[in-house]
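# Reading the structure
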Amino acid sequence: IAAPHVGGGGSGARAVRTLAVVIADGAASAERVGTGTALARSVDEARARIEALAEGDRVAVISMSRPSAEVVATSDRGAALRRLSAMASSEASVDVAGSIGAAHAVLSHPDATGTERRIFVASAWREGTVGSMGAIAAPAGEPVAAEVLTPPVAEGANLRIASIEAVRTAGTGPEAPA
């Protein structure tokens, strides 16, 4: 006599995953963090997530300094890891909206239909350095699991030069005190 197995009912097959990895590779990524850089930390964290993917899962690696709507997910983890390893810090500005848009395009692609959709964002930003960001829209109303890497602890002051005014620099210029 057959009896239902408690907690069973499924075939045990796991869902195929589509992962969009977004890496900030702008100027802030060159910051020293411990013995490496913020970019190296981001790449290591992303590598761990890509290596944890199973056969048949898909991944796209998106650069924040050079996002492209043409990025597509691949089941070739080796290719994704090579793209990740080739990333270098850039003096280019980052395009947050463009890179999140590229991730959204990857997760909205018909190949991602029916997969478990995930986005992983890694950056060296500090609180208050990026304006408010709205929620990442789920493609076709389907859920997207989002993970954002916790920013590294700054080893020094998080400062930047906004401008240099010669008049007020080192007491020089026509308005300097006599």
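Residues numbered from 1 in each chain as written. Predicted model: local features only at pLDDT ≥ 70, side-chain atom pairs only at ≥ 80, totals over all residues. Heavy atoms only, no water.

## Considerations on the overall build of the chain
Each helix and strand in the chain was counted, giving three helices and six strands. The linear arrangement of helices and strands in the chain, starting from the amino end, is β-β-β-α-β-α-α-β-β. Counting the 178 residues in the chain, one finds 31% classified as buried. For the chain, the exposed area adds up to about 10,800 Å²; of that, 56% sits on carbon and sulfur atoms. (Helix = DSSP H or I, 4+ residues; strand = E, 2+ residues; numbered from the N terminus. Buried < 20%, exposed > 50% of the residue type's maximum accessible area, 1.4 Å probe, protein only. Areas by Shrake-Rupley, 256 points an atom, 1.4 Å probe, with all protein chains shown as cover.)

## Brief notes about the nonpolar core
Counting 17 residues, the largest nonpolar core has L19, V21, I23, I50, V59, L84 and F120 as the members making the most contacts within it. If you list the elements that add at least two residues to this core, you get strand 1 (17-23), helix 1 (38-51), strand 4 (58-63), helix 2 (77-85) and strand 5 (116-122). Here the element with the most residues in this core is helix 1; it accounts for four residues. Among residues more than four places away in sequence, those in contact with I50 are L19, V21, V59, V61, R77, A80, L81 and L84. Membership of the second largest hydrophobic core comes to 16 residues, among which are V71, I100, A102 and I119. (Core = buried A, V, L, I, M, F, W, Y, C linked by side-chain atoms within 4.5 Å. Contact = heavy atoms within 4.5 Å.)

## A look at helix 1
With 14 residues, helix 1 should reach 20 Å at 1.5 Å per residue; the first-to-last C-alpha distance of 20 Å fits that figure. Among all positions of helix 1, only A38, L39, S42, V43, A46 and I50 are buried. All buried residues of helix 1 fall inside an arc of 130° around its axis, so they share one side. Buried residues along helix 1 sit against strand 1, strand 2 (32-33), strand 3 (36-37), strand 4, helix 2 and strand 5. (Expected span 1.5 Å × (residues − 1). Arc of directions from axis to C-beta.)

## Side note on the sheet that holds strand 5
The parallel open sheet is built from four strands, whose spatial order is 4-1-5-6. Only two strands of the sheet have a single partner each, and these edge strands are strand 4 and strand 6 (144-148). Strand after strand, the sheet turns through a mean of 15° between neighbouring axes, direction not considered. In this sheet, strand 4 lies alongside strand 1 in parallel orientation, the contact comprising six bridges. (Pairing = 2+ DSSP bridges. Axes fitted to C-alpha atoms, helices over the stretch in contact; angles between N-to-C directions.)

## Some remarks on the environment of E91
As for its placement among the helices and strands, E91 is situated in the loop between helix 2 and helix 3 (96-108). Remark: the alpha-carbon pair of E91 and S65, spanning 26 residues in sequence, is separated by 8.7 Å.

## What about the pairing of strand 1?
Within strand 1, seven of the seven residues are buried, which leaves the element mostly enclosed by the surrounding structure. Of the two faces of strand 1, the one holding R17, L19, V21 and I23 and the one holding T18, A20 and V22 are both buried throughout. Direction of pairing for strand 1 relative to strand 5: parallel, over a ladder of seven bridges. By the bridge assignment for strand 5, A20 is matched with I119.

## Considerations on the confidence of the model for the chain
Considering every residue of the chain, the mean pLDDT works out to 77; 67% of them sit at 70 or more. The lowest-confidence element of the chain is strand 2, averaging 79 in pLDDT; the highest-confidence one is strand 4, averaging 94. Of the regions scoring below 50 in pLDDT, residues 1-10 engages in zero contacts with residues more than four places distant in sequence or in other chains. (pLDDT = per-residue confidence, 0-100.)

## Topic: the packing of helix 1 against helix 2
The N-to-C vectors of helix 1 and helix 2 enclose an angle of 180°; their axes lie 10 Å apart at closest approach. In terms of orientation, helix 1 lies roughly antiparallel with respect to helix 2. Counting all contacts with helix 1, which are made through V43, A46, R47, I50 and E51, the residues of helix 2 involved are R77, A80, L81, L84 and S85. Class assignment for the residues of the contact of helix 1 with helix 2 results in six nonpolar, one polar and three charged. (Parallel < 35°, antiparallel > 145°, perpendicular 65-115°, else oblique. Nonpolar A, V, L, I, M, F, W, Y, C, P; charged D, E, K, R; others polar.)

## Some points on the environment of A28
Mapping A28 onto the fold places it in the loop between strand 1 and strand 2. For A28, a relative accessible area of 36% corresponds to the partly exposed category. Through-space distance from the C-alpha of A28 to that of S123 is 8.1 Å; in sequence the pair is 95 residues apart. Setting aside residues no more than four positions away along its own chain, A28 makes contact with A38 and A124.

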